[in-house]
Amino acid sequence: ERLHGEGFRMIGFDREGGSHPPREAEGVCVDLTSDQDVEGAFERIRYAYEGRIASVVHLAAYYDFSGEPSPLYDEITVRGTARLLSALRAFDVEQFIFSSTMLVHAPCEPGERLNEEWPLDPKWDYPRSKVATEELIRRERGLIRAVSLRIAGVYDDECHSIPLANQIQRIFERKLTSKVFPGDTSRGQAFVHLKDVVEAIGKTVEHRHQLGPDETFLIGEPDTLSYDDLQRAFGRLIHGEDWETQSIPKAVAKAGAWLEDQVPGEEPFIKPWMIDLADDHYALDIGRARSVLGWEPQRSLRDTLPRMVSALKADPLQFYKENKLEAPSWLEQNVVSKK
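This report concerns the structure included in the present document. What you are looking at is a predicted structure, and each value in this text was computed from that prediction instead of being measured. (Residues numbered from 1 in each chain as written. Predicted model: local features only at pLDDT ≥ 70, side-chain atom pairs only at ≥ 80, totals over all residues. Heavy atoms only, no water.)

### A look at the pattern of salt bridges
Okay, so step 1: Applying the stated rule across the entire model yields 28 salt bridges.
Okay, so step 2: The shortest N-O distance in the salt bridge between Glu206 and Arg2 comes to 2.9 Å. Of this pair, Glu206 sits in helix 5 (residues 194–206) while Arg2 sits in the segment before strand 1 (10–14), and the two are 204 residues apart along the sequence.
Okay, so step 3: Among the salt bridges present, the one from Lys123 reaches Asp280, with a minimum N-O distance of 3.3 Å. Highlighted residues: Lys123 in the loop between strand 6 (95–101) and helix 3 (125–140) and Asp280 in the loop between helix 8 (272–275) and helix 9 (287–293), separated in sequence by 157 residues.
Okay, so step 4: Through salt bridges that share partners, Asp228, Arg232, Arg236, Asp242 and Glu244 make up one connected network. (Salt bridge = Lys/Arg side-chain N within 4 Å of Asp/Glu carboxyl O. Helix = DSSP H or I, 4+ residues; strand = E, 2+ residues; numbered from the N terminus.)

### Remarks on the environment of Arg89
Okay, so step 1: Within the fold, Arg89 resides in the loop between helix 2 (72–88) and strand 5 (92–93).
Okay, so step 2: Along the primary structure Arg89 and Gly142 are separated by 53 residues, whereas in three dimensions their C-alpha atoms are 7.9 Å apart.

### Focus: helix 5
Okay, so step 1: With 13 residues, helix 5 should reach 18 Å at 1.5 Å per residue; the first-to-last C-alpha distance of 19 Å fits that figure.
Okay, so step 2: The set of residues buried in helix 5 consists of Asp196, Val197, Ala200, Ile201, Gly202, Thr204 and Val205. (Expected span 1.5 Å × (residues − 1). Buried < 20%, exposed > 50% of the residue type's maximum accessible area, 1.4 Å probe, protein only.)

### What about the environment of Glu215?
Okay, so step 1: With respect to the element layout, Glu215 can be found in strand 11 (residues 214–219).
Okay, so step 2: Measuring from C-alpha to C-alpha, the distance between Glu215 and Glu116 comes to 9.6 Å, with 99 residues separating the pair along the chain.
Okay, so step 3: Once residues lying within four places of it in the same chain are set aside, the contact partners of Glu215 are Ala146, Val147, Ser148 and Arg288.
Okay, so step 4: A polar atom in the side chain of Glu215 sits 2.7 Å from the backbone nitrogen of Gly212. (Contact = heavy atoms within 4.5 Å. Polar contact = N/O pair within 3.5 Å; in protein donor to acceptor, adjacent residues only side chain to side chain.)

If you want it as structure tokens, here you go:
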């Protein structure tokens, strides 16, 4: 919708049965793991729109919080991108935008801000696959101008952020795990509203003729809330309490996470591998996006937290459904009894 208003003709690639584009775009079903599918999709593009493409906005990737190795990181994120680039050689393409992540970088210390030149040190398979794909794009882009947007954690007014939704759930249900944290609670990670990400993509497309052949931008909010900030805010908004959180040793947390994973029932969100990353801190210097793209966020996580909790309180079961959370039996029974 954002780009259609600028006069572009829009084509959306998505898996069959996926959330296809709105009426402003033509939807084309494609499986990035299939050479035949990708080739067929681009045959459709050439037939309907000839051979010139202003920008390819590549958002597809594999993402998994289990911490388990998966061949899909390579098959979808890395090799899927290679299939796209191979097919695009037959077109006149002005720009290729790749959605990467700030997590490709090494974390910083509180008081520091990382920029695009900050050292790379991806800690788990998801950011590692993004680094591998960024390198592949540099090798295989040919004459196409490439841009990597290293994006912070994305959320919207209904949350739709896996870590934030699970943090809200723990506090809403008053779980024991909502009162402890295996690290320094003064540390945190940058976030960015979905609408601001859309605007960053729009600005990147609009500036495609002014950008260099290989560009990188960090996209996120400069205000990084600590874990303690989030805990206290959620506690006040949900229960009217100033939520106190105790730091616990990582060894204790790992043992607890392992035991919780063995208990039948709902699969716990917190996995032992996450505990080693609890102290990682990500605060962003977005000066380059400001100066080159003219972009900076117009929303903030701090100001959006009340809207998230309002959505939770207005319809808890719908909030759980929207954020793919498993509702406790007492919540479902409470809704039935009110009906």
